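Residue strings, one per chain:
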Amino acid sequence: MAKRDAQVFEWIALNGVLTVKGREGSAQQGVTRTYRLAEYPDTIRQKIADAGFKSVFQQRTSQVESDELKLVAWDDLDTMFQAGDWEKEGGARGAPVVAAWIEAAAEFKNCTPGEFQASWSKLDKPTRDKVKAGCETRFAARIVEIKEGRKDSVDLTDLS
């Protein structure tokens, strides 16, 4: 049996506040993210409370492999929940989905969404917020195109 990797993050959920901290000695040491249930609309707040704050964040990002990308995915979930969106855009619960603004920005920077997210995750929260707002403004038309394209069905019958 393979040895299980040490947990990189410590989770603290208390009084509607979820704090995720990089464990001492890990590559994410010193990294902290805090999410507040009170910042979400009532409809989202109740669903998260019913499912468990920590559980929702862990389950929704369980397929994200990189620790850096998990940080980005958690921030994206927080933003999505603050906007009142419970379901992931264009994807099933638990599946990693790249936000349309990240896809548009990555196209502009001529890199992959993963490369963009890895760089974005290294920024502090105020800078991430500014970059995101700037991208959403600058690439608004492309973001709409990306979202519309995700609504299209793809015939997968030839793959079975």
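Throughout this description, residue numbers start from 1 for each chain and increase along the sequence as written. Confidence filtering applies because this is a predicted model: local features only for residues at pLDDT of at least 70, side-chain atom pairs given and counted only at 80 or more, and all residues used for totals across whole chains, interfaces and linings. Only hydrogens and water are set aside; all other atoms, that is, all heavy atoms of the structure, feed into the side-chain values.

A closer look at the overall build of the chain
Here's step 1: Secondary structure follows DSSP: runs of H or I at least 4 residues long count as helices, runs of E at least 2 residues long count as strands, and numbering of each begins at the N terminus. A tally of helices and strands in the chain yields 7 helices and 3 strands.
Here's step 2: What you see in the chain, going N to C, is helices and strands ordered as β-β-β-α-α-α-α-α-α-α.
Here's step 3: Type-normalised accessible area, obtained with a 1.4 Å probe on protein chains alone, sets the label of each residue: buried when under 20%, exposed when over 50%, and partly exposed for intermediate values. Looking at the chain residue by residue over its 160 residues, the buried ones come to 33%.
Here's step 4: Of the contacts made within the chain by residues no fewer than 6 positions apart, 48% connect residues no fewer than 24 positions apart.
Here's step 5: Counting only carbon and sulfur atoms, one obtains 50% of the accessible surface of the chain, whose full area is about 10100 Å². Contacts are assigned to residue pairs with any non-hydrogen atoms lying within 4.5 Å of each other. Calculation of accessible area relied on Shrake-Rupley with a 1.4 Å probe; when residues are assessed, cover is drawn exclusively from the protein chains displayed.

Points about the sheet that holds strand 3 (residues 32-36)
Here's step 1: For two strands to count as paired, DSSP must find a minimum of two bridges between them. Ordered by their spatial adjacency, 3 strands build an open sheet running 1-2-3, and the pairing between neighbours is antiparallel. Of all the strands in the sheet, the pair left with one neighbour each is strand 1 (9-14) and strand 3. With direction set aside, neighbouring strand axes in the sheet form an average angle of 15°.
Here's step 2: Where strand 2 (residues 17-22) and strand 3 come together, 5 bridges link them in antiparallel fashion. What sits directly across from threonine 19, in strand 3, is threonine 34.
Here's step 3: Together, strand 1, strand 2 and strand 3 form the strand contacts of helix 2 (residues 53-60), whose direction differs from that of strand 2 by roughly 50°. Axis geometry follows a simple rule: fit a line to the C-alpha atoms, using only the stretch in contact for helices, then measure angles between N-to-C directions, giving values from 0 to 180 degrees.

Quick notes on the packing of aromatic side chains
Here's step 1: For Phe, Tyr and Trp, rings pair up if their centres lie within 6.5 Å, where Trp contributes its six-membered ring, and each pair is then called stacked (planes under 30 degrees apart), edge-to-face (over 60) or tilted (otherwise). With the rule as written, the count across this model stands at 9 aromatic pairs.
Here's step 2: Ring geometry for tyrosine 40 against phenylalanine 53: centres 6.2 Å apart, planes inclined by 85°, an arrangement best described as edge-to-face. In this pair, tyrosine 40 sits in the loop between strand 3 and helix 1 (42-51) while phenylalanine 53 sits in helix 2, placing the two residues 13 residues apart along the sequence.
Here's step 3: Taking relative accessible area as the criterion, tyrosine 40 reaches 1% and is therefore assigned buried.
Here's step 4: Each ring, one from phenylalanine 53 and one from phenylalanine 57, has its centre 5.7 Å from the other, and the planes form 70°; the classification is edge-to-face. Here phenylalanine 53 and its partner phenylalanine 57 are both found in helix 2, 4 residues apart, which amounts to about one turn of the helix. Residue phenylalanine 53 shares its accessibility class with phenylalanine 57, and that shared class is buried.

Details of unusual backbone geometry
For residues that are not glycine, phi is negative in most cases, and the peptide bond is trans in most cases.
Here's step 1: Backbone geometry places asparagine 15, a non-glycine residue, at a positive phi of 55°.
Here's step 2: Assignment of secondary structure puts asparagine 15 in the loop between strand 1 and strand 2.
Here's step 3: Residue asparagine 110 is not a glycine yet carries a positive backbone phi of 55°.
Here's step 4: With respect to the secondary-structure elements, asparagine 110 resides in the loop between helix 4 (100-109) and helix 5 (113-121).

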